[in-house]
Amino acid sequence: MRPHLPPLNALKAFEAAARHESFTRAAEELCVTQGAVSHQVKALEAELSIKLFNRERQRLIITEAGRDYLAVIRDALDRIAAGTERLLQRQSAGVLTVSTSPDFAAKWLVHRLGHFAEANTGIDLRVSATMHHVDFAREEVDLAVRHGDGNWPGLDAVRLCAERLYAVCSPKLLSSRRRINGVANVLKSPLIHLDSRSEWTNWLSGVGIDDAGVMHGPVLNRASMVIDAAINGQGIALARTTLAAWDLLNGRLALAFPESVPLSKSYWIVCPKATASLPKIRTFRDWLLAEASNDLRQLKSLGGVSKTRR
């Protein structure tokens, strides 16, 4: 068993009084009354059965035993302070492991990592791209970016941004002989599908075109593949706000039409509630939100936010 230790408040009062040679000035430093400091020191002397100070003509004189004990207490408090500082530094810096989907990593995150690294040299960022939702209790992951409705019990969840579904294509396709003249003529153009052809059918219905019977075009199983195929001029694809933003803003993609439809699910920044306020997690979360907010401002200037249908 750990040996009995005197109360920490009493040790702090003793150290401050010895350093200032005054109960009054020690009380001012500790934000307590002079009587409280005197009481703590007297209680410590009683517990140790050792006189730590002599009171002579309103002066506080530390005894030889008190001086020896003071060296021990100062060393212990210095060690506690140094250990606390190291702990806080590890919370605000060091390794930060982030889990996200391969699509989000490839189309949104990877392009921006250099900017984050330049601004946060103390954080060693590790990105794990995986399709499964990590178990924070079992896996060494600090934060995750998930796609869903934000309902993950026990986790702190902050929405990255609202999402809409846009029809996108290569800028070259818009200027080619097969130029797209309005959303009503979309079926005359090659379409690229994600997982099934139902997404295009639903999107067309959302912008007022029913019974489209979309049955043509390749079906791919990854959103990043769909976007890359559109960039390469293979047809028109549907892409969420977040995944399309980088390529739209950098001229690799263009909006085929101004119309879009809202999506109920979006990307969320999640972590355990117990660690949500750690400095390094807060730093990365704030950076993600700032980047997403900047994307939305720029997309609005392209007509990718304001010209929408519901």
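Use the structure listed above.
The structure displayed is predicted, hence computed values, not measured ones.

J.: When you look at the nonpolar core in this model, what are you seeing that I'm missing?
T.: As a rule of thumb, soluble globular proteins bury nonpolar side chains together. The biggest cluster of nonpolar side chains holds 39 residues, and the ones touching the most others in it are L143, V168, L253, F284 and L288. Counting residues in each nonpolar core, the second largest holds 20 residues, with F23, V37, L60 and I62 among its members.

J.: Mind showing me how you'd approach the pattern of salt bridges here?
T.: Pairing between side chains becomes possible if they bear opposite charge and their charged atoms approach one another. Inspection of the entire model under this criterion finds 14 salt bridges. One salt bridge in this structure joins E45 and R55, with 3.7 Å as the shortest N-O distance. Of the two residues, E45 is situated in helix 3 (residues 34-48) and R55 in strand 1 (residues 53-56); the sequence distance between them amounts to ten residues. For E45, a relative accessible area of 10% translates into the label buried. Measuring nitrogen to oxygen at the nearest pair gives 2.7 Å for the salt bridge that ties D295 to R112. Within this pair, whereas D295 is found in helix 11 (residues 279-302), its partner R112 is found in the loop between helix 5 (102-109) and helix 6 (113-119), the two being separated by 183 residues in sequence. The exposure classification of D295 matches that of R112, with both residues buried. Via salt bridges that share partners, E15, R19, E29 and R74 belong to a single interconnected network.

J.: Would you take a moment to explain the environment of D286 for this structure?
T.: Summarising the element assignment, D286 is placed in helix 11. Between the C-alpha atoms of D286 and L160, which are 126 residues apart in sequence, the distance is 9.9 Å.

J.: When you look at empty space enclosed by the protein in this model, what are you seeing that I'm missing?
T.: Any space left empty among the atoms is revealed by the rolling of a water-sized probe across them. All chains considered together, the criterion is met by three cavities of 30 Å³ or more. In this model, the largest cavity occupies a volume close to 70 Å³. Around the largest cavity, the lining residues are L165, L194, E199, A223, V226, I227, L238, A239, R240 and L243. Put simply, the parts of the chain that give the lining of the largest cavity at least two residues each are helix 9 (223-231) and strand 10 (236-240). Per-class residue counts for the lining of the largest cavity are eight nonpolar, no polar and two charged.

J.: Teacher, can you tell me more about the packing of helix 1 (residues 8-20) against helix 3 here?
T.: The angle between the axes and the distance between the axes are what describe a pair of packed helices. Relative to each other, helix 1 and helix 3 sit at 110 degrees, their axes nearing to 8 Å. As far as their axial angle goes, helix 3 and helix 1 are roughly perpendicular. For the pair helix 1 and helix 3, contact is made by N9, A10, L11, A13, F14 and A17 and by V37, Q40, V41 and L44, respectively.

J.: Quick question: what am I supposed to make of the pairing of strand 5 (residues 143-148) here?
T.: On any regular strand, side chains alternate: one points to one face of the sheet, the next to the other face. With five of six residues buried, strand 5 is to be regarded as a mostly interior element. With three bridges joining them, strand 3 (residues 94-100) and strand 5 adopt parallel strand pairing. Note on strand 5: the bridge partner recorded for S99 is A144. Across five bridges, strand 5 lies against strand 12 (residues 266-272) in antiparallel orientation. Opposite G148, over in strand 12, you have S266 as the bridge partner.

J.: Explain the sheet that holds strand 7 (residues 164-169) to me, please; I cannot follow it from the model alone.
T.: Strand pairing within a sheet occurs via backbone hydrogen bonds; the two strands may be parallel or antiparallel. Strand order across the open sheet formed by five strands is 9-8-10-7-11, with mixed pairing between neighbours. Pairing within the sheet leaves two strands with one partner each, and these edge strands are strand 9 (219-220) and strand 11 (254-262). Note: strand 8 (residues 191-194) against strand 10, two bridges, orientation parallel. Bridge pairing in strand 10 places I192 opposite A237.

J.: So what exactly am I meant to see when it comes to the layout of surface pockets here?
T.: There is about 560 Å³ of room inside the largest pocket. Taken together, 27 residues form the lining of the largest pocket, with D103, M131, H147, R240 and Y267 sitting closest to its centre. If you tally residues by element for the lining of the largest pocket, the top one is strand 5, at four residues. Here the residues of the lining of the largest pocket sort into nine nonpolar, eleven polar and seven charged.

J.: What should I look at first to understand the environment of E21 in this one?
T.: With respect to the helices and strands, the residue E21 is situated in the loop between helix 1 and helix 2 (23-30). Residues E21 and L60, 39 residues apart in the sequence, show an inter-C-alpha distance of 5.4 Å.

J.: It is not clear to me how helix 3 should be interpreted in this structure. Could you clarify?
T.: Each α-helix turn comprises 3.6 residues. Residues three or four places apart therefore point the same way. Counted at 1.5 Å a residue, the expected span for helix 3 with its 15 residues is 21 Å, and the 21 Å between its end C-alpha atoms agrees. Among the residues of helix 3, those classed as buried are V37, S38, V41, L44 and E45. The buried residues of helix 3 occupy an angular sector of 125 degrees when the element is viewed end-on, so they sit on one face. In helix 3, the exposed positions angled more than 90 degrees off the buried face are occupied by H39, K42 and A46. Downstream of helix 3 by one or two residues, S49 has phi in the positive range, about 55 degrees.

What counts, and at which threshold
- Residues numbered from 1 in each chain as written.
- Predicted model: local features only at pLDDT ≥ 70, side-chain atom pairs only at ≥ 80, totals over all residues.
- Heavy atoms only, no water.
- Core = buried A, V, L, I, M, F, W, Y, C linked by side-chain atoms within 4.5 Å.
- Buried < 20%, exposed > 50% of the residue type's maximum accessible area, 1.4 Å probe, protein only.
- Salt bridge = Lys/Arg side-chain N within 4 Å of Asp/Glu carboxyl O.
- Helix = DSSP H or I, 4+ residues; strand = E, 2+ residues; numbered from the N terminus.
- 1 Å grid on protein atoms, 1.4 Å probe; cavity = no way out; pocket = protein on both sides within 12 Å on 5 of 7 lines; lining within 4 Å.
- Points joined across faces, edges and corners; volume = space filled by probe spheres on them.
- Nonpolar A, V, L, I, M, F, W, Y, C, P; charged D, E, K, R; others polar.
- Axes fitted to C-alpha atoms, helices over the stretch in contact; angles between N-to-C directions.
- Parallel < 35°, antiparallel > 145°, perpendicular 65-115°, else oblique.
- Contact = heavy atoms within 4.5 Å.
- Pairing = 2+ DSSP bridges.
- Expected span 1.5 Å × (residues − 1).
- Arc of directions from axis to C-beta.

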